Amino acid sequence: MAAPRPVQISPSVLSADFSKLGDECRALEDAGADRIHWDVMDGQFVPNLTFGPPVIAACRAATSLPFEAHLMVETPELLLADYVEAGVELITVHAEATVHLHRCLAQIVDLGARAAVTIVPSTPVSALEHVLDLVDMVLIMTVNPGFGGQAYLASQEPKVAELRRMVTERGLDVDIEVDGGIAPATIGAITTAGANVFVAGNAVFKAPGGLAAAIADLRDRAEAAQRGASAA
Ligand code: DX5
Ligand code: ZN
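The structure contained in this document is the topic of the report that follows. Please read all numbers here as calculations on a predicted model, not as lab measurements.

### What about the overall build of the protein?
Next up, step 1: Looking only at helices and strands, one finds eight helices and eight strands in the protein.
Next up, step 2: Here the C-alpha radius of gyration of the protein, 16 Å, is about what a compact globule of 232 residues would show, namely 17 Å.
Next up, step 3: For the protein, the C-alpha atoms occupy an extent of roughly 45 × 45 × 30 Å along the three principal directions.
Next up, step 4: Looking at the 232 residues of the protein, the share that counts as buried comes to 52%.
Next up, step 5: As displayed, the protein has an accessible area near 9800 Å², and 54% of this comes from carbon and sulfur atoms.

This is how it looks when you write it as C-alpha cells:
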C-alpha cells in the first residue's frame, strides 16, 4: 500500500480577528500551521461577505506560509489574476459556481498558481470526473459553505473515500482537503476516509489551549488515523 500523503493543517482566518489579520497570519506560522486558508465570500454564492484580493495582499508580507484562497463566489474566473497578484499560491473554485469549470481551472494553471476544485455537500464526486487531471487538490466541504462554526457532516465521509479510490485508480497526484467542523472529535474519521489536508477555523482560533496546541493536536490525531488506516 502507498504511503499516506502528508497531513497539512490549514487554519481559516475566517475565525481570526479581522482588525489584525497580518498579526494573526504571523501567529499561525509561529504556531506550526502549514498554510493559511482564505475564505472569500461574495454575498451571492453564499449568504456572507468577507474579503478579497486587496486584504489578502496586505497580509502577504506577514508570513512565508503558502496562501490558499477558497473562492465562494459566482463567476470566479473574473478575478483569478487578482488573487495570483495578491500572492495566493493555490486557488480553489466551486464546481457549482461556474458553467465553465474546466476552462476556469485551466486559467488558474496558466496564471502560474496551483488549481483546486471544491464541491458542496449536495454535489456528487462524479462532478469531478472530467477535471481531476487539472487539479492538485479537491476540497470536499463538510458543511454547507458560508459560515464558520457549523456542525460537521459525517455524511461526506463516503464521498472522500470514493474520491480517494478514484484518484488512486487513475494514478493521479491529488490532495483531498476537507473544510467545515473539522475538530479533534471529527478529524480521525475523515482522515481514515482519505483526506489529508484539513481546514480548521473555530477548532484553532477558539481552542482554550491556544493556536499551537490546537494545531499540534489536530496533526497528531490525523497522523494517528493514517497509521491506523495503513495498518488495517
Ligand atoms: C465555511 C468555510 C470554512 C469555515 C470553517 O464556508 O469555508 O473554511 O471557516 O470553519 P470551522 O472550522 O469553524 O467549521
Ligand atoms: Zn473554506
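### Thoughts on the coordination of the zinc ion (ligand 2)
Next up, step 1: All of the protein donors around the zinc ion (ligand 2) are His-37 (NE2), Asp-39 (OD), His-70 (ND1) and Asp-179 (OD); their distances to the metal are 2.0 to 2.3 Å.
Next up, step 2: Considering all six donor atoms around the zinc ion (ligand 2), angles at the metal cover 67 to 167° and the coordination shape is octahedral.
Next up, step 3: Binding-site remark: the zinc ion (ligand 2) is held by donors from one chain whose sequence spacing is H-x1-D-x30-H-x108-D. You can see His-37 sitting in strand 2 (residues 36-41) and its partner Asp-179 sitting in strand 7 (residues 175-179), a full 142 residues away along the chain.
Next up, step 4: Overall, His-37 belongs to the buried group, its relative accessible area being 0%.

### Looking at the nonpolar core
Next up, step 1: Counting residues in each nonpolar core, the largest one holds 65 residues, and the members touching the most others are Trp-38 and Phe-198.
Next up, step 2: In this structure, Phe-198 is in contact with Val-7, Gln-8, Ile-9, Ser-10, Val-178, Ile-182, Ile-187, Ile-190, Thr-191 and Ala-222, ignoring residues within four places of it in sequence.
Next up, step 3: Ranked by size, the runner-up nonpolar core spans six residues in total, among them Leu-14, Met-41, Phe-45 and Met-72.

### Topic: the packing of aromatic side chains
Next up, step 1: Throughout the structure, instances matching the rule amount to three aromatic pairs.
Next up, step 2: Centre to centre, the rings of Trp-38 and Phe-67 are 5.2 Å apart; their planes meet at 65°, and the pair counts as edge-to-face. Of the two residues, Trp-38 sits in strand 2 while Phe-67 sits in strand 3 (residues 67-72), which places them 29 residues apart along the sequence.
Next up, step 3: Accessibility expressed as a relative area gives 0% for Trp-38, which makes it buried.
Next up, step 4: Taken together, the aromatic side chains of Phe-18, Trp-38, Phe-51 and Phe-67 make up a single cluster linked through ring pairs.

### With respect to the pairing of strand 5 (residues 114-119)
Next up, step 1: For strand 5, the buried fraction is high: five of the six residues fall into the buried class.
Next up, step 2: The pairing of strand 4 (residues 90-94) with strand 5 spans five bridges and is parallel. By the bridge assignment for strand 5, Thr-92 is matched with Ala-116.
Next up, step 3: Note on the crossover from strand 4 through helix 4 (residues 101-110) to strand 5: the handedness is right-handed.
Next up, step 4: Note: strand 5 against strand 6 (residues 137-141), four bridges, orientation parallel. In the sheet register, Thr-118 faces strand 6, and the bridge partner there is Leu-139.

### Quick notes on helix 1 (residues 21-30)
Next up, step 1: Regarding helix 1, the residues found buried are Leu-21, Glu-24, Cys-25 and Leu-28. Buried residues in helix 1, looked at end-on, bunch into an arc of 100°, giving them a common side.
Next up, step 2: Summarising the contacts, the buried residues of helix 1 are in contact with strand 1 (8-11), strand 2, helix 2 (53-59), strand 3, helix 7 (202-205) and helix 8 (211-231).
Next up, step 3: Downstream of helix 1 by a residue or two, Gly-32 has a phi angle that is positive, lying close to 95°.

### Digging into the site of ligand 1
Next up, step 1: If you check the shell around ligand 1, you find 20 residues, and the closest are Asp-39, Gly-146, Asp-179, Gly-181 and Gly-201.
Next up, step 2: One of the backbone N or O atoms of Gly-181 is found 2.8 Å from an oxygen atom in ligand 1.
Next up, step 3: At 3.0 Å, a backbone N or O of Asn-202 approaches an oxygen atom of ligand 1.
Next up, step 4: Because more than half of its atoms lie within 2 Å of the grid, ligand 1 is assigned to the second largest pocket.
Next up, step 5: Mapped onto the shell around ligand 1, the elements with two or more residues apiece are strand 2, strand 3 and strand 8 (197-200).
Next up, step 6: Among the residues making up the shell around ligand 1, the classes are represented as eight nonpolar, ten polar and two charged.

Quick notes on the rules
- Residues numbered from 1 in each chain as written.
- Chains lettered and ligands numbered in written order.
- Predicted model: local features only at pLDDT ≥ 70, side-chain atom pairs only at ≥ 80, totals over all residues.
- Heavy atoms only, no water.
- Helix = DSSP H or I, 4+ residues; strand = E, 2+ residues; numbered from the N terminus.
- Rg over C-alpha atoms; globule rule 2.2 N^0.38 Å.
- Buried < 20%, exposed > 50% of the residue type's maximum accessible area, 1.4 Å probe, protein only.
- Areas by Shrake-Rupley, 256 points an atom, 1.4 Å probe, with all protein chains shown as cover.
- Donors = N, O, S within 2.8 Å, 3.2 Å for Na, K, Ca; no water.
- Tetrahedral: all angles 85-135°; square planar, octahedral: opposite > 155°, others 65-115°.
- Core = buried A, V, L, I, M, F, W, Y, C linked by side-chain atoms within 4.5 Å.
- Contact = heavy atoms within 4.5 Å.
- Phe/Tyr/Trp six-rings, centres within 6.5 Å; stacked < 30°, edge-to-face > 60°.
- Pairing = 2+ DSSP bridges.
- Right-handed = clockwise from strand over helix to strand, strands pointing away.
- Arc of directions from axis to C-beta.
- Near = heavy atom within 4 Å.
- Polar contact = N/O pair within 3.5 Å; in protein donor to acceptor, adjacent residues only side chain to side chain.
- 1 Å grid on protein atoms, 1.4 Å probe; cavity = no way out; pocket = protein on both sides within 12 Å on 5 of 7 lines; lining within 4 Å.
- Sits in = over half its atoms within 2 Å of the grid points.
- Nonpolar A, V, L, I, M, F, W, Y, C, P; charged D, E, K, R; others polar.

Keep in mind these values describe shape, not function.
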